[in-house]
Amino acid sequence: MAPAFPTTVPVRDSKNPDGPVLTFAPSAWKAFLSSQLMDQTYGSCSTGSIR
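Bear in mind the structure is a predicted one, so any value in this text is a computation, not a measurement. (Residues numbered from 1 in each chain as written. Predicted model: local features only at pLDDT ≥ 70, side-chain atom pairs only at ≥ 80, totals over all residues. Heavy atoms only, no water.)

(A) Structural view of the overall build of the chain. From N to C terminus, the chain includes one helix and two strands. When the helices and strands of the chain are listed from N to C terminus, the series reads β-β-α. The 51 residues of the chain split such that 2% are buried. Put simply, 3% of the contacts in the chain that link residues at least 6 apart link residues at least 24 apart. Summed over all atoms, the accessible surface of the chain reaches about 4,300 Å², with 59% contributed by carbon and sulfur. (Helix = DSSP H or I, 4+ residues; strand = E, 2+ residues; numbered from the N terminus. Buried < 20%, exposed > 50% of the residue type's maximum accessible area, 1.4 Å probe, protein only. Contact = heavy atoms within 4.5 Å. Areas by Shrake-Rupley, 256 points an atom, 1.4 Å probe, with all protein chains shown as cover.)

Encoded structure:
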């Protein structure tokens, strides 16, 4: 987490560093990252089950 945002995870477009920042609760960001890892590991599943 960034020091200026101790209870949130700030996310920005690296191609537009002066642009807006989205902030997420750490638990929401962790869930997002976990879902991305699952997609990369097992492939995206439309049914939500692991192949």
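(B) Highlighting the packing of aromatic side chains. Tallied over the entire structure, the rule returns two aromatic pairs. Between Phe-24 and Trp-29, the ring centres sit 5.7 Å apart and the planes meet at 35 degrees, which makes this aromatic pair tilted. Note on Trp-29 and Phe-32: the rings are 5.2 Å apart at their centroids and 35 degrees apart in plane angle, and the pair reads as tilted. With Trp-29 and Phe-32 both in helix H1 (residues 26-42) and three residues apart, this pair spans about one turn of that helix. An aromatic cluster is built from Phe-24, Trp-29 and Phe-32, whose rings are joined through pairwise contacts. (Phe/Tyr/Trp six-rings, centres within 6.5 Å; stacked < 30°, edge-to-face > 60°.)

(C) Representation of the confidence of the model for the chain in the model. Within the chain, residue pLDDT values average 80, and 71% of them lie at 70 or more. For the chain, per-element mean pLDDT is lowest for H1, which scores 85, and highest for strand S2 (residues 22-24), which scores 93. (pLDDT = per-residue confidence, 0-100.)

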